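# Observations on the model geometry
For reference, the chains in residue letters:
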Amino acid sequence: MENQTNQQETKWYVLRVVSGKERKVKEYLDKEISRSGWSDYVKQVFLPVEKVYKVQNGKKVMRERNYYPGYVMIEVVDGKLSDDIKDTISGTTNVIHFLGKENPIALRKAEVNKMLGKIDEMTETSGVTMSEPFIVGETIKIIEGPFNDFNGIIEEVNDEKKKLKVTVKIFGRSTPVELNYMQVEKIV
């Protein structure tokens, strides 16, 4: 029986939820699904997130940011989204409605692949994005590596590789150095 369920086609549905409550909704639905014994039908409740680094009080802080604020995705075995499951999910606190309201609309394969592909892409690049991008000509402080505590001026920004070319004054001479985003912080 378990094997058959794994082979079945699944459909992805989108829930509109109160912005900022996505994680709470996901946690609640995960509990509700296992409590009600629906785990054979509802494969997963999915909340796409990306890791974002922000500078706060001179320290680099990692936060998770929702990739689609106000939305939670649900993967359900095709044809198994019963009225009972639909009503329970719709009636959950902080859930506004399914996309498609009374008749939930499943995402197309291309949309699902795009969404899942985007998530894979983010985990491959370690999913790090700077919420405040670096700007050429900006002065930064190096917080890691051999030039720790030196200040430098950004000459070049490579957002794809998450690297900076920085000019650092050492003994009165300008020296070019290549650093990654995690080795520097903005001077506030």
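Now for a description of the structure that goes with this document. (Residues numbered from 1 in each chain as written. Predicted model: local features only at pLDDT ≥ 70, side-chain atom pairs only at ≥ 80, totals over all residues. Heavy atoms only, no water.)

For the rest of this paragraph, the subject is the overall build of the chain. Secondary structure summary: the chain contains four helices and 12 strands in total. In the chain, once contacts between residues fewer than 6 apart in sequence are set aside, the share between residues at least 24 apart is 61%. Approximately 11800 Å² of the chain is accessible, and the part contributed by carbon and sulfur atoms is 48%. (Helix = DSSP H or I, 4+ residues; strand = E, 2+ residues; numbered from the N terminus. Contact = heavy atoms within 4.5 Å. Areas by Shrake-Rupley, 256 points an atom, 1.4 Å probe, with all protein chains shown as cover.)

Strand order in the open sheet formed by four strands is S2-S5-S1-S6, with antiparallel pairing between adjacent strands. Of all the strands in the sheet, just strand S2 (42-46) and strand S6 (95-98) have a single pairing partner and so form its edges. Recorded for the sheet is a direction-independent mean angle of 25° between the axes of neighbouring strands. Sheet topology places strand S1 (residues 10-17) next to strand S5 (residues 71-77); seven bridges connect them, and they run antiparallel. Among the inter-strand pairings, Val 14 is bridged to a residue of S5, identified as Met 73. Here helix H2 (residues 22-36) sits on the sheet in contact with S1, S2, S5 and S6, set at roughly 165° to S2. Packed onto the sheet, helix H3 (residues 83-90) meets S1, S2, S5 and S6 and runs at close to 145° relative to S6. (Pairing = 2+ DSSP bridges. Axes fitted to C-alpha atoms, helices over the stretch in contact; angles between N-to-C directions.)

Residues of H3 that are buried include every one of Ile 85, Lys 86 and Ile 89, and no others. In an axial view of H3, the angular spread of the buried residues amounts to 100°, which keeps them on one side of the axis. For H3, the exposed residues lying more than 90 degrees away from the buried face are Asp 83 and Asp 87. On the buried face of H3, the contacting elements are S1, H2, S2, S5 and S6. (Buried < 20%, exposed > 50% of the residue type's maximum accessible area, 1.4 Å probe, protein only. Arc of directions from axis to C-beta.)

Quick look at the sheet that holds strand S8 (residues 139-142) now. Pairing is antiparallel across the open sheet formed by five strands, whose spatial order is S11-S10-S9-S8-S12. With one partner strand each, in any of the chains shown, strand S11 (173-180) and strand S12 (184-186) form the two edges of the open sheet. The mean inter-strand angle of the sheet, taken between neighbouring strand axes irrespective of direction, is 45°. Both S8 and S12 contribute to a ladder of three bridges, which runs antiparallel. Residue pairing across strands places Ile 140 opposite Lys 186, the latter belonging to S12.

This part is about the packing of aromatic side chains. Applying the stated rule across the entire model yields five aromatic pairs. Relative to Phe 46, the ring of Trp 12 lies with its centre 5.8 Å away and its plane at 75°, an arrangement referred to as edge-to-face. Here the residue Trp 12 occupies a position in strand S1, and Phe 46 occupies one in strand S2, the gap between them amounting to 34 residues. Here Trp 12 falls in the buried class, since its relative accessible area comes to 5%. Between the aromatic rings of Tyr 13 and Phe 98, the centroid separation amounts to 6.4 Å while the plane-to-plane angle is 90°, which identifies the pairing as edge-to-face. Placement of Tyr 13 in strand S1 and of Phe 98 in strand S6 is noted, with a sequence separation of 85 residues between them. Like Phe 98, Tyr 13 is buried. (Phe/Tyr/Trp six-rings, centres within 6.5 Å; stacked < 30°, edge-to-face > 60°.)

This part is about the pairing of strand S3 (residues 49-56). As judged from the eight bridges shared by S3 and strand S4 (residues 59-66), these two strands associate in the antiparallel manner. Paired with Lys 51 across the bridge in S4 is Glu 64. Once S3 ends, the chain turns through two residues before running back antiparallel as S4, passing Asn 57 with a positive phi of about 50°.

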